[in-house]
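Here's the letter readout for the chains.
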Amino acid sequence: MRTAVIEVSGIVQGVGFRPFVYNKAKELGIRGYVQNRGTKVRIVAQGERVEEFIKEIARGTPLSKINDLRVSFEEMEEFDDFEIKKSEFDVSDGFIPADVAICDECIKDILGNTRFHGYWATSCVNCGPRFTIIESIPYDRERTSMRDFPMCEECRRDYENPANRRFHAQTIACEKCGPKLKLFDAEKREIEGDPIKRTAELLKDGYFVAIKGIGGFHIASVLDRAEELRRRLRRPRQPFAIMATLEMAERIAEISEEERKWLLSPVRPIVILRKKNRFDFPEVSHLHTLGIMLPYTGLHYLLFQNLDEPLIMTSANEPGEPMVKSEEEAFEKLKHICHFYLIHNRRIVNRCDDSVVKLNGVSPVYVRMSRGLAPAKIEVKWKKDVEIIALGAELNGSVCIYKKGSCYISQYLGHVRNYDVMKYLEETAEFMMRVTQINPDVIAHDMHPAFLTTRFAKELAEKFQARRIEVQHHVAHVASLLAEGCDEIVALASDGVGYAPDGIWGGEVFVNFNRYGGLRKVRMPGGDLATRYPSRMVAGILYDVLDEDELRGILRNLYFPGGEREIEVVLRQMERDVNVPRTSSTGRVLDAASALLGICHERTYEGEPAMSLEAYALYGDPDALRITAEVRNGTVDTAGILLEAYEAMREGARKEDIALAVHRALADGFSELLLEASEKSGIENIGMTGGVAANSIIPKLIKERVEKEGKRFILNRLVPPGDGGISFGQCIYAVIQHED
Ligand SMILES: [Zn+2]
Ligand SMILES: [Zn+2]
Ligand SMILES: [Zn+2]
């Protein structure tokens, strides 16, 4: 009999696609079957109304995203009925669905009069954990940590009923059969009573509670206790994330239409929002912004039923270490921080931090691509017969795999600077290679010789007899931008630091993979110390343009932990050129301006001085002050910019106006270089990548200027422009370089 064989690929697993197909088939009298096969769903269909059926399938479900739908016709035996067949693993493919926040219908179920009333882990075919519980693919209950919880009769009935929203929902569970929640004190003694209600009471009383979530533990606290929490976490200033209902969020932050969409999306990321008043909640965030996420599990919704204020919800980890994911770890590592522990007994298979999204006035920027967004399969236009694994950057690490025209990027892994994060990276690399079933031919990694990823790359190359490709940090950034639909690009890679053979880069303009120009190379007296204490960067940048007495005069007004003595050491260091690397980093220039204006004198977390400067600049008056950027021989003179900022300060200009003028000057300088490179190369695509692309001022100004000249402006949308996107860029670079 003539039979349609339909192959659908895209996001079609764990999103209710098979039940949707099943119901359509029943409706239209179609016989055959539907089956998960790795990344694809295969549908075999017979019946009068096959054409209509295919059209309906192509529409998909709310959460599904169909990338490709192929239909062929074959002769087959006649089927009696339509069924959902057991998943089969198609060896050529692999795919892992990301976690999905609880859906509106499940929220209604837990708050309403249903058998799921009050059950914290309620989910359905459209929502619930996915990646974080998956041991291997395809995605079926038996290959997830839900296999520890055999279904009760009622759940089984729903699971097998095609008319039910939980038909074939792999995470189906109820109070009777599903994972259980318990509340403990720090001595592991169970606390009596409803664990969620008790938790809410304890939080209101000012206690810190560790809460086991989807991808790891959070530490929860009321906002009033931020200062004490900072002390315990040894985290002096890095802003805390907040969890709040939409109504609460609206009371404390400005929310645009697009930001609201992100807040409510099934990803439920932390969205960086502007405070109602820039000086509100200084203990939660010293910036003008608050990172807010809405509740995203049944547990969170039930908790907020008992609260009328937002919570700090920060991922539970010691500084520099991965998020805590098991209860043993929680009791051990959080004992100095948390008074109570709200714990469930569903294993977290894969750790996953919350995602962070910022709308920077140009586009949504993934500051951190993690829960709900990763792992992600990204189809790219380069189709080559090679299998690649890329090991990412040192900061905001991730790994990425290339196979058959697609990249598979992992969740955010943290700063790959110590044993625990490196182990996490190795486990993730192993997991990603297993589920995509690759034997890498190429290992792509950063060219920094001392990175932990470089050592791991060598091990992998040995193990798989694979070739290693070293990719310069900013070249990887540019490659990540090429994947946004360009063949050629003029790109600004602007960030804090990236190793290059001739120094430290971070403000470079490229024509494809060739450096065209960039910021002036300046001194970094003391190397990394100049990153921690940005006053040193003021010294480094102004050293070439001022005589020593003038420079000393400026430095005396700035913060040096060792005072006068340290200033002399710094000056001698530069004079003798000992431990004074050169850098063209944008971050260091913003840091220096931040220190010069007395806004931030010590970096306690990644990006702090630059982000603090931005927080002032956004309240500046663009007409109050203008600083010009000199561009000569492909170089933007940052010393001139800083000197003008200093003059303006002496004349009593507002900090906000100077901060804005510095941003504008950098944007002007970069724009000029980009347009010049575009003219010379004839390339009309102009892009920006690197961590500074998340800034709310510089990318916007460059975009305006570039588009005024009739060129196309591009920012990363598939992956973070920051270092979280480096593994993807390394992959793209290695694919482009590969010759079949
Ligand atoms: Zn649901
Ligand atoms: Zn049940
Ligand atoms: Zn970077």
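Conventions used here
Residues numbered from 1 in each chain as written. Chains lettered and ligands numbered in written order. Predicted model: local features only at pLDDT ≥ 70, side-chain atom pairs only at ≥ 80, totals over all residues. Heavy atoms only, no water. Core = buried A, V, L, I, M, F, W, Y, C linked by side-chain atoms within 4.5 Å. Buried < 20%, exposed > 50% of the residue type's maximum accessible area, 1.4 Å probe, protein only. Helix = DSSP H or I, 4+ residues; strand = E, 2+ residues; numbered from the N terminus. Contact = heavy atoms within 4.5 Å. Polar contact = N/O pair within 3.5 Å; in protein donor to acceptor, adjacent residues only side chain to side chain. Donors = N, O, S within 2.8 Å, 3.2 Å for Na, K, Ca; no water. Tetrahedral: all angles 85-135°; square planar, octahedral: opposite > 155°, others 65-115°. 1 Å grid on protein atoms, 1.4 Å probe; cavity = no way out; pocket = protein on both sides within 12 Å on 5 of 7 lines; lining within 4 Å. Points joined across faces, edges and corners; volume = space filled by probe spheres on them. Pairing = 2+ DSSP bridges. Arc of directions from axis to C-beta. Nonpolar A, V, L, I, M, F, W, Y, C, P; charged D, E, K, R; others polar. Salt bridge = Lys/Arg side-chain N within 4 Å of Asp/Glu carboxyl O.

## Some remarks on the nonpolar core
Here comes step 1: I219, I292, L334, Y341, I388 and F728 are the most contacted members of the largest nonpolar core, which has 127 residues in total.
Here comes step 2: Broken down by element, the residue count for this core peaks at 7 residues, all from helix α23 (residues 726–737).
Here comes step 3: Leaving out residues up to four positions away in the same chain, I388 has contacts with C400, I401, Y402, I438, V442, A444, C731, A734 and V735.
Here comes step 4: Counting residues in each nonpolar core, the second largest holds 71 residues, with I504, M524, L555 and I683 among its members.

## Examining helix α13 (residues 473–482)
It helps to recall that an α-helix has 3.6 residues per turn; residues three or four apart then point in one direction.
Here comes step 1: With 10 of its 10 residues buried, α13 lies for the most part within the structure.
Here comes step 2: Turning to α13, its buried residues number three or more, namely H473, H474, V475, A476, H477, V478, A479, S480, L481 and L482.
Here comes step 3: Two to three positions downstream of the cap, the backbone nitrogen of H474 sits 2.8 Å from a side-chain oxygen, assigning the N-cap of α13 to Q472.

## Observations concerning the coordination of the zinc ion (ligand 1)
Here comes step 1: The coordination sphere of the zinc ion (ligand 1) contains the protein donors C103 (SG), C106 (SG), C124 (SG) and C127 (SG), at a distance range of 2.3 to 2.4 Å.
Here comes step 2: Each of the 4 donor atoms bound to the zinc ion (ligand 1) contributes to angles spanning 103 to 118 degrees, and the resulting shape is tetrahedral.
Here comes step 3: Taken in chain order, the donor set of the zinc ion (ligand 1) reads C-x2-C-x17-C-x2-C. Separated by 21 residues along the polypeptide, C106 in helix α3 (residues 104–111) and C127 in the loop between α3 and α4 (153–160) bring together distant segments of the chain. Assigned by exposure class, C106 and C127 land together as buried.

## Comments concerning the layout of surface pockets
Here comes step 1: Approximately 750 Å³ is the volume found for the second largest pocket.
Here comes step 2: Considering the residues around the second largest pocket, the lining is formed by 30 residues, among which I11, K65, G372, L373 and A376 are closest to the centre.
Here comes step 3: Among the secondary structure elements, those contributing two or more residues to the lining of the second largest pocket are β1 (2–11), β4 (65–75) and β17 (376–379).
Here comes step 4: For the lining of the second largest pocket, the element with the most residues is β17, which contributes 4 residues.

## Some remarks on the coordination of the zinc ion (ligand 2)
Here comes step 1: The protein atoms donating to the zinc ion (ligand 2) are C152 (SG), C155 (SG), C174 (SG) and C177 (SG), with metal-donor distances spanning 2.2 to 2.3 Å.
Here comes step 2: One can describe the donor arrangement at the zinc ion (ligand 2) as tetrahedral, given that its 4 donor atoms subtend angles of 103 to 116 degrees at the metal.

## Let's talk about the pairing of strand β20 (residues 406–409)
A regular strand places its side chains so that they alternate between the two faces of the sheet.
Here comes step 1: Of the two faces of β20, the one carrying S406 and Y408 and the one carrying C407 and I409 are both buried.
Here comes step 2: The pairing of β17 with β20 spans 4 bridges and is antiparallel. Bridging across to β20, E379 finds its partner in S406.
Here comes step 3: Summarising the sheet, strand β19 (residues 400–403) and β20 pair through 4 bridges and their orientation is antiparallel. Bridging from a neighbouring strand, Y402 pairs with C407 of β20.
Here comes step 4: A loop of 2 residues connects β19 with β20, the two strands running antiparallel in sequence, and K404 in this loop sits at a positive phi of about 45 degrees.

## Digging into helix α16 (residues 548–555)
Here comes step 1: For α16, every residue scored as buried is listed here: L551, R552, I554 and L555. Relative to the axis of α16, the buried residues are bounded by an arc of 160 degrees and lie together on one face.
Here comes step 2: At its buried positions, α16 is contacted by α15 (535–542), α17 (563–576), α18 (586–596) and α20 (638–650).
Here comes step 3: At the N-terminal boundary of α16, the capping side chain belongs to D547, with an oxygen 3.2 Å from the backbone nitrogen of D549.

## As for empty space enclosed by the protein
Here comes step 1: Enumeration according to the criterion identifies 5 cavities of 30 Å³ or more in this entry.
Here comes step 2: Here the largest cavity defines a volume of roughly 140 Å³.
Here comes step 3: Taken together, 18 residues make up the lining of the largest cavity; nearest its centre are W120, I214, T297, G298 and R346.
Here comes step 4: Of all the elements, helix α9 (residues 298–305) adds the most residues to the lining of the largest cavity, at 3 residues.
Here comes step 5: Tallied by class, the residues present in the lining of the largest cavity amount to 8 nonpolar, 8 polar and 2 charged.

## Considerations on the environment of A376
Here comes step 1: Tracing the chain through its elements places A376 in strand β17.
Here comes step 2: In this structure A376 comes out as buried when scored by relative accessible area, which is 14%.
Here comes step 3: Along the chain, A376 and Q411 lie 35 residues apart, while their C-alpha atoms are 8.3 Å from each other.
Here comes step 4: Setting aside chain neighbours within four positions, we find A376 in contact with M369, C407, Y408 and I409.

## Focus on the pairing of strand β23 (residues 490–500)
Here comes step 1: By the criterion of burial, β23 is predominantly enclosed, with 8 of the 11 residues buried.
Here comes step 2: Pairing between β23 and strand β30 (residues 685–689): 4 bridges, direction parallel. From the neighbouring strand, A493 faces β30, where its bridge partner is T689.
Here comes step 3: The antiparallel hairpin formed by β23 and strand β24 (residues 503–511) contains 2 residues in its connecting segment.

## Structural notes on the pattern of salt bridges
Here comes step 1: By the definition in use, this model includes 62 salt bridges.
Here comes step 2: The closest approach of N and O atoms between R515 and E508, which form a salt bridge, is 2.5 Å.
Here comes step 3: Salt-bridge contacts for D637 lead to R520; the nearest nitrogen and oxygen are separated by 2.8 Å. Taken together, the positions of D637 in the loop between β29 (635–636) and α20 and R520 in the loop between β25 (514–519) and β26 (522–523) put the pair 117 residues apart, joining distant regions of the chain.
Here comes step 4: Overlapping salt bridges bring together E548, D549, R552, E568, R572 and E575 as one network.

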